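# Examining the three-dimensional arrangement
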Amino acid sequence: MMAGATSATAAAGAFAAAKARGPAAACPWLVAAGGRRRSGVVRCDAGGDAQAASKAASITALEQFKISADRYMKEKSSIAVIGLSVHTAPVEMREKLAVAEELWPRAISELTSLNHIEEAAVLSTCNRMEIYVVALSWNRGIREVVDWMSKKSGIPASELREHLFMLRDSDATRHLFEVSAGLDSLVLGEGQILAQVKQVVRNGQNSGGLGKNIDRMFKDAITAGKRVRCETNISAGAVSVSSAAVELAMMKLPKSECLSARMLLIGAGKMGKLVVKHLIAKGCKKVVVVNRSVERVDAIREEMKDIEIVYRPLTEMYEAAADADVVFTSTASESLLFTKEHAEVLPPISLAMGGVRLFVDISVPRNVGACLSEVEHARVYNVDDLKEVVEANKEDRVRKAMEAQTIITQELKRFEAWRDSLETVPTIKKLRSYADRIRASELEKCLQKIGEDNLNKKMRRSIEELSTGIVNKLLHGPLQHLRCDGSDSRTLDETLENMHALNRMFSLDTEKAVLEQKIKAKVEKTQS
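Residues numbered from 1 in each chain as written. Predicted model: local features only at pLDDT ≥ 70, side-chain atom pairs only at ≥ 80, totals over all residues. Heavy atoms only, no water.

For the protein, an unreviewed UniProt entry supplies the name Glutamyl-tRNA reductase and the organism Hordeum vulgare subsp. vulgare. What UniProt states about the protein under its Function (unreviewed entry) heading is, verbatim, "Catalyzes the NADPH-dependent reduction of glutamyl-tRNA(Glu) to glutamate 1-semialdehyde (GSA)." Per its UniProt entry, the protein bears the Sequence similarities (unreviewed entry) comment "Belongs to the glutamyl-tRNA reductase family." (UniProt positions renumbered as here; feature names shortened; annotations may be inferred.)

Shown next, in the form of structure tokens:
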């Protein structure tokens, strides 16, 4: 973790005290692996005295902030990513932190209610659980997010830190761009992750949850992901998690019996559909699909004519497993579908098939318990076991990744230039407000000297337009030098220099004012 500058301890303490007096909601995802989701809301009936005390605490927090703002401002707002992936944590840990897509808005709301978090987004897939934030303070923001993750999963923060990765600013942005491009996937160039990044933006737009910086970063990540796939051959021969699962099953079956193996798929979602597609590519002619409803299975059957698809309802899942040599599971179930007890009562597999029933589980949370492998005639493989398939093309992966990095760097520079250009906006507003106050004050003095009785409406309007015109012409030059589209790094550097110069010349103290406004907004949000 990168160390930040010292910040205002007193301000943070008072602010935390103010927050503690506001309403609180219990996190609804405190679940263990295979457990059920629990939710609850802490009710708070605050009377007049409590509201008064809360308001007083808010004022105290702001006053203490003003005293120590100079130290606090040394820690500028940072973009950060805190998370774990297939590269850093086992599936047993990832599944405890997994957040279902329909719960992303709730998670974002809880994260942005933390003291030092301004914006947030959640990217939760079978291979990763990553939280992207804009933090007022790097150290405090990271600590709050880690504590939130710990409470959500039930995993002690000390244990979580052993598996978490934390990246800041350009490193965090580059990571997201690489994720979107498929460079950080278990299977290089896989396309499903780009669709999942798009879904984060779509979900945020529908719920209004994403802030300005996070929204732009994810949209630029989508652009980077598209460019990498269009301008390089990274997707040539690339496989998905589903196809790697099929490949793994074929590797474990006796070569002479691969095509005659009885295949069962549980779950007909996107990943399940891809399993069927890749079974066809391997030459399989029949697959049994267990699903809650028949409609999705019918849709797959209509699209894929080269394989016989037999539908069986969820109530017949164990009977279907008894007739299968290979069982693929891909459902959103939060509890285990197959345990050791289930496997023990299933009939044995023929020696021609190796005498072992294969369970290939590509779900997170997992659908199949790891304990199945303790049963003599059963073996279970999960998403972490797919590494065996993808390691074969390691050299080709490295070469393709290097080609993609050039595009990633270009898109990263474009995003950072845009973000830097935002720094001038508060200065533009502050300078215009400063000039307008002077204009209004001097205009009032002038009108008092002339006397209201000596002015008609036309004369008064002419004097007001004169004062406005003078101010606008005087501000035109400085404001032009504060506007930048971020496309030219040299112009951007000059613009930022001009911004700092104007801040000094007119004592605008913009950074402090912006930070004070952010703190004030956080306190007001807590009180609402």
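And the narrative resumes.
Before going further, it helps to spend a moment on the overall build of the protein. A tally of regular secondary structure across the protein gives 21 helices and ten strands. Across the 528 residues of the protein, 48% fall into the buried class. Sequence separation of at least 24 residues holds for 73% of the intrachain contacts in the protein that already meet a minimum separation of 6. Split by element, the accessible area of the protein, about 25,700 Å² in all, is 52% carbon and sulfur. (Helix = DSSP H or I, 4+ residues; strand = E, 2+ residues; numbered from the N terminus. Buried < 20%, exposed > 50% of the residue type's maximum accessible area, 1.4 Å probe, protein only. Contact = heavy atoms within 4.5 Å. Areas by Shrake-Rupley, 256 points an atom, 1.4 Å probe, with all protein chains shown as cover.)

The amide bond that connects valine 364 to the next residue, proline 365, takes the cis arrangement and shows omega of 5°. By the element assignment, proline 365 lies in the loop between strand E9 (357-361) and strand E10 (378-381). We note that aspartate 169 has phi near 50°; this positive angle belongs to a residue other than glycine. Among the secondary structure elements, aspartate 169 is positioned in the loop between strand E4 (165-168) and helix H8 (170-180). We classify aspartate 169 as partly exposed; its relative accessible area is 27%.

Below, the discussion takes up the sheet that holds E4. Here four strands make up an open sheet; going across it, the order is E2-E3-E1-E4 and the pairing antiparallel. In this open sheet, the two edge strands, each paired with only one partner strand, are strand E2 (117-124) and E4. This sheet shows a mean twist of 15° between the axes of neighbouring strands, independent of strand direction. With eight bridges joining them, strand E1 (residues 78-85) and strand E3 (residues 128-135) adopt antiparallel strand pairing. When the sheet's bridge partners are listed, serine 78 is paired in E3 with alanine 135. Sitting on the sheet, helix H9 (residues 192-207) is in contact with E2 and E3, with an inclination near 145° to E2. (Pairing = 2+ DSSP bridges. Axes fitted to C-alpha atoms, helices over the stretch in contact; angles between N-to-C directions.)

On to the sheet that holds E10, then. Read from one edge of the open sheet, six strands run E7-E6-E5-E8-E9-E10, paired in parallel fashion. Each edge of the open sheet is held by one strand with a lone partner, namely strand E7 (308-313) and E10. The sheet shows a mean angle of 20° between the axes of neighbouring strands, direction not considered. Alignment of strand E5 (residues 263-266) against strand E8 (residues 326-329), held across four bridges, turns out to be parallel. Across the sheet, residue leucine 265 finds its bridge partner in E8, namely phenylalanine 328. Lying over the sheet, helix H12 (residues 270-281) contacts E5, strand E6 (286-291), E7 and E8, oriented at roughly 160° with respect to E5. Lying on the sheet, helix H13 (residues 295-303) is in contact with E6 and E7; it crosses E7 at an angle near 180°.

All right, on to the confidence of the model for the protein then. Looking at the protein, the pLDDT average stands at 79 and 76% of residues meet or exceed 70. Confidence drops under pLDDT 50 across residues 1-48; counting only partners more than four residues distant or on other chains, this segment forms 100 contacts. (pLDDT = per-residue confidence, 0-100.)

Within the largest apolar cluster, 66 residues are counted, with the highest numbers of intra-cluster contacts made by Ile82, Met129, Tyr132, Met149, Met217 and Phe218. Setting aside residues up to four positions removed in sequence, phenylalanine 218 forms contacts with Ala121, Tyr132, Leu176, Val197, Val200 and Val201. Core analysis: the next-biggest nonpolar cluster, separate from the first, contains 45 residues, Ala245, Met250, Ile300 and Val389 among them. (Core = buried A, V, L, I, M, F, W, Y, C linked by side-chain atoms within 4.5 Å.)

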